[in-house]
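Descriptive analysis of the structure
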Amino acid sequence: MIALRAPLYRRRIGRIALDTAACFALSALLVVSALAQDAAEKSAPIKLQLNKVETAGEACRITMVIDNKGPGLKSYKVDLFAFDPEGVAQKRVAVELGPLPPKKTTVKIFDFPGIACNKVGRVLLNDVLACDGGDSAREACLERTETDSKAGLPFDR
């Protein structure tokens, strides 16, 4: 009778070891997957779209659509230049576009004062002045930022 139980006992020990190894492998896979997802989220793009330009008195009013695919930002301040149709820099403006909630699209409206929209030939994202939230450094936010335009004016980075 004892001889019959020994192989069963060994089988149970082997099965427990196999189950433990499978649990460990699955746990490691989940941890690696979570770390990869976190890294991808931190490098997810911030998409700036120059959506609309319209004259507002003595200023050119800009409607900007911001699509933040990554983590939330308390502050996201950009340095923009308006160039005339001949390519000469005309106006500079620093605009606070934050806060930017995580994985959310927002719309911001601001003015380039003292310049009519028909005098603007191009808008340039010169720099990201502030990027506050999470582990985001200003330089990393600049690298994550992508520009696009639906306003009939080029919007470059």
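First things first, this report covers the structure right here in the doc. Computed from a predicted structure; not experimentally measured.

Cut-offs applied
- Each chain has its residues counted from 1, running along the sequence as written.
- Since the coordinates come from a predicted model, pLDDT governs what is reported: local features require at least 70, and pairs of side-chain atoms require 80 or more to be given and counted, while whole-chain, interface and lining totals use all residues.
- Based on all heavy atoms of the structure, the side-chain values leave hydrogens and waters out of the count.
- Think of it this way: any DSSP run of H or I at least four residues long counts as a helix, any run of E at least two long counts as a strand, and we number them from the N terminus.
- Contacts are residue-level and defined by heavy atoms, with any inter-residue pair within 4.5 Å sufficient.
- Under the rule applied, a polar contact is a pair of N or O atoms within 3.5 Å (in protein, one hydrogen donor and one hydrogen acceptor; residues adjacent in sequence only if both atoms are side-chain atoms).
- To qualify as a nonpolar core, a set must consist of buried Ala, Val, Leu, Ile, Met, Phe, Trp, Tyr and Cys residues joined through side-chain atoms within 4.5 Å.
- Only protein chains enter the accessibility calculation, which uses a 1.4 Å probe; a residue whose area is less than 20% of its type maximum is buried, one above 50% is exposed, and one in between is partly exposed.
- Cysteine sulfur atoms are paired as a disulfide whenever they come within 2.5 Å of each other.
- One side-chain nitrogen of Lys or Arg within 4 Å of one carboxyl oxygen of Asp or Glu is enough to make a salt bridge.
- The criterion for strand pairing is that DSSP finds at least two bridges linking the strands in question.
- Inter-axis angles, ranging from 0 to 180 degrees, are taken between N-to-C directions of lines fitted to C-alpha atoms, where helices are fitted over the stretch in contact.
- Any two of the Phe, Tyr and Trp rings considered here, Trp counted by its six-membered ring, make a pair once their centres fall within 6.5 Å; the pair's planes then place it as stacked at under 30 degrees, edge-to-face at over 60, or tilted in between.
- Any Lys NZ or Arg CZ found within 6 Å of a ring centre and within 35 degrees of that ring's normal is scored as a charge over the ring.

**Observations concerning the environment of Asp156**
Within the fold, Asp156 resides in strand β8 (residues 155-156). For the pair Asp156 and Leu125, spaced 31 residues apart in the sequence, the C-alpha separation amounts to 6.1 Å. Not counting the four nearest positions on each side in its chain, Asp156 is found in contact with Arg122, Val123, Leu124, Leu125 and Thr147. Reaching out from Asp156, the side chain makes a polar contact with the side chain of Arg122 at a distance of 2.9 Å.

**Topic: the nonpolar core**
Among the nonpolar cores identified, the biggest contains 28 residues, and Leu48, Met64, Tyr76, Val78, Leu80 and Phe112 are the most heavily contacted of them. For this core, the secondary structure elements donating two or more residues are β1 (46-56), β2 (59-68), β3 (75-83), β4 (89-96), β5 (104-113) and β6 (122-132). Dropping the residues within four chain positions of it, Tyr76 is found in contact with Ile46, Leu48, Val95, Glu96, Leu97, Gly98, Leu100, Val128, Ala130, Cys131, Cys141 and Thr145.

**Digging into the state of the cysteines**
By the definition in use, this model includes 2 disulfides. Residue Cys60 pairs covalently with Cys117 via a disulfide, S to S 2.1 Å. Here the disulfide of Cys60 and Cys117 is right-handed, its torsion about the S-S bond being about 105°. Highlighted residues: Cys60 in strand β2 and Cys117 in the loop between β5 and β6, separated in sequence by 57 residues. Exposure remark for Cys60: the relative accessible area of 1% places this residue in the buried category.

**Regarding the pattern of salt bridges**
Applying the stated criterion to the full structure yields 7 salt bridges. Where Glu54 meets Lys52, a salt bridge forms, and the shortest distance between an N and an O atom there is 3.8 Å. Overall, Glu54 belongs to the partly exposed group, its relative accessible area being 32%. Residue Lys52 is classed as partly exposed on the basis of its relative accessible area of 41%. A salt bridge links Asp67 to Lys69; the shortest N-O distance between them is 3.2 Å. The class of Lys69 is partly exposed, set by a relative accessible area of 37%. Among the charged side chains, a salt-bridge network with shared partners connects Asp127, Arg138 and Glu139.

**So, the sheet that holds β1**
Strand order in this open sheet of 4 strands is β5-β2-β1-β7, and the pairing throughout is mixed. The open sheet has two edge strands with one neighbour each: β5 and β7 (145-149). For this sheet the average axis-to-axis angle between neighbouring strands, irrespective of direction, equals 25°. As defined by bridge partners, β2 adjoins β5 across 10 bridges and the pair is classed as antiparallel. Across the sheet, residue Val65 finds its bridge partner in β5, namely Val107.

**Section: the packing of aromatic side chains**
Given two aromatic rings, their pairing is described by the distance between the two centres and the angle made by the two planes. This model, assessed by the stated rule, comprises 2 aromatic pairs. The interplanar angle of 45° and the centroid separation of 6.3 Å between the aromatic rings of Phe81 and Phe83 together place this pair among those described as tilted. For the pair shown, Phe81 and Phe83 are each scored as buried. Arranged with centres 6.4 Å apart and planes meeting at 65°, the rings of Phe110 and Phe112 form a pair that is edge-to-face. Neither Phe110 nor Phe112 differs from the other in exposure class; each is buried. In this structure, Arg122 is placed above the aromatic ring of Phe83, and the distance from its NZ or CZ to the ring centre is 4.4 Å.

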